[in-house]
Amino acid sequence: MNLSCLLCYQASPTPVCHWCEDDIFFFDATLHGSNLLQYGPVAGHVKHNQYDTLSVLGLHTWPMSSLVHQLKFTHSLTAGKVLSNWFVHKKRQCTLSVPNVLLPVPISAWRLATRHYNQATLLCESISNELGIPVNQSWAKRKGFSVQHHLSKIARAENAHRVFSLSDWCIDSEITAAQCKLNGSGFTVAIVDDVLTTGVTVNTLSKRLKQRYPKIQIQVWAAAFTPPPKSSLLQKT
Ligand SMILES: [Zn+2]
């Protein structure tokens, strides 16, 4: 095959060559556990009192950050497929239980108008193809013009509280189709995002879901985690 690596542009039979793949920090169930909410260097830095489990593919450091950037800003479907493929195959060995539905973190209408796609939805669509789980793109809404990553941790929490809301029907039809009770008993969702930094967004969305469906199980899946500057995780990369 005549392909070049998305990261180093050298000839490679796969979209990311094995040298680049070797340079990426992947979370590993045997070292970090299958639920990162029980792993201090991650759990200690993300807000997580409203969801049940956390699975992240790797650290948002080079070269993973370059792949996420391609997904987010250049509409690289290949980057999205590589990330979701790794997510499914590297995480599957570590007892990732399969949820009933995938829920992409919404982006605001103005951002959708300028970017033309939601990177979390792209990830969900490829994971959906691999695992055969439906994606619900209209479960929640984000309003406003604000961009979370410029804000402090406290400002993010206040902002997230204001901007996210569930849609009228949310996941009612998926719950009904699964023959579960509308309180969510026996039903599991995975909220999917590209990058996890403070956890405030997914925690706020989880809170909204639990207010409406108190018995629901919530997993959070992310492609990459941004470690704080002095994280012990950075010494291992
Ligand atoms: Zn490469």
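Refer to the preceding data block for the structure.
Cut-offs applied
- Residues numbered from 1 in each chain as written.
- Predicted model: local features only at pLDDT ≥ 70, side-chain atom pairs only at ≥ 80, totals over all residues.
- Helix = DSSP H or I, 4+ residues; strand = E, 2+ residues; numbered from the N terminus.
- Expected span 1.5 Å × (residues − 1).
- Buried ≥ 20, exposed ≤ 12 C-beta atoms within 10 Å, placed from the backbone.
- Axes fitted to C-alpha atoms, helices over the stretch in contact; angles between N-to-C directions.
- Left-handed = near helix turned anticlockwise from the far one by under 90°.
- Contact = placed C-beta atoms within 7 Å.
- Nonpolar A, V, L, I, M, F, W, Y, C, P; charged D, E, K, R; others polar.
- Pairing = 2+ DSSP bridges.
- Core = buried A, V, L, I, M, F, W, Y, C linked by C-beta atoms within 7 Å.
- Right-handed = clockwise from strand over helix to strand, strands pointing away.

Draft legend 1. Spatial organisation of helix α7 (residues 119-131). For α7, which comprises 13 residues, the first-to-last C-alpha distance of 18 Å matches the rise-based estimate of 18 Å (1.5 Å per residue) to within 8%. Q119, A120, T121, L122, L123, C124 and I127 are the residues of α7 that are buried. In the segment just after α7, G132 is the residue with positive phi, at about 65°.

Draft legend 2. Local environment of the packing of helix α8 (residues 153-163) against helix α10 (residues 200-212). One can describe the packing of α8 onto α10 by two numbers: an axis separation of 9 Å at closest approach and a directional angle of 35°. In the packing of α8 onto α10, the handedness of the crossing is right-handed. Contacts between α8 and α10 involve R156, A157, A160 and H161 from the former and V200, T201 and T204 from the latter. Looking at side-chain class alone, the contact of α8 with α10 contains three nonpolar, three polar and one charged residues.

Draft legend 3. Region of interest: the sheet that holds strand β1 (residues 53-59). One open sheet accounts for four strands, arranged β1-β6-β5-β2; its pairing is parallel. What marks the edges here is a single partner per strand, and that holds for β1 and β2 (101-104). The sheet shows a mean angle of 20° between the axes of neighbouring strands, taken without regard to direction. Two elements, β2 and strand β5 (residues 188-196), share four bridges in a ladder whose sense is parallel.

Draft legend 4. How the structure looks around unusual backbone geometry. With omega at 5°, the peptide bond leading from W62 into P63 counts as cis. Looking at where P63 falls in the secondary structure, it is placed in the loop between β1 and α4 (64-73). Even without glycine at this site, H75 takes up a positive phi of about 50°. Locating H75 in the fold gives a position in the loop between α4 and α5 (77-92). Judged by the 14 C-beta atoms lying within 10 Å of it, H75 is partly exposed. For C170, which is not glycine, the phi dihedral falls at a positive 45°. Mapped onto the fold, C170 is located in the loop between β4 (164-166) and α9 (172-177).

Draft legend 5. How the structure looks around the environment of F164. With respect to the helices and strands, F164 occurs in strand β4. The spatial distance from the C-alpha of F164 to the C-alpha of F25 is 31 Å, given a sequence separation of 139 residues.

Draft legend 6. Looking closely at the nonpolar core. By size, the foremost hydrophobic cluster in this structure holds 59 residues, and its most contacted members are I191, V192 and A224. If we skip the residues at most four places from it in the chain, I191 touches L103, V105, V202, L205, S206, I218 and V220.

Draft legend 7. Representation of the pairing of β5 within the structure. By the criterion of burial, β5 is predominantly enclosed, with eight of the nine residues buried. The pairing of β5 with strand β6 (residues 217-225) spans eight bridges and is classified as parallel. Note on β6: the bridge partner recorded for V195 is A224. With α10 bridging β5 and the parallel β6, this β-α-β connection has right-handed handedness.

Draft legend 8. The arrangement of α10 in detail. Helix length check: α10, at 13 residues, gives a terminal C-alpha distance of 19 Å against a target of 18 Å (1.5 Å per residue), a fit within 8%. Restricting attention to buried positions, one finds in α10 the residues V200, T201, V202, N203, T204, L205, S206 and L209. Tucked into the core, α10 has its buried residues touching β3 (140-142), α8, β4, β5 and β6.

Draft legend 9. Representation of the environment of P214 within the structure. Structurally, P214 can be placed in the loop between α10 and β6. By the C-beta count within 10 Å, which is 10 here, P214 ends up exposed. P214 has contacts with N183 and G184, leaving out every residue within four places of it along the chain.

By themselves, these figures tell us nothing about what the structure is for.
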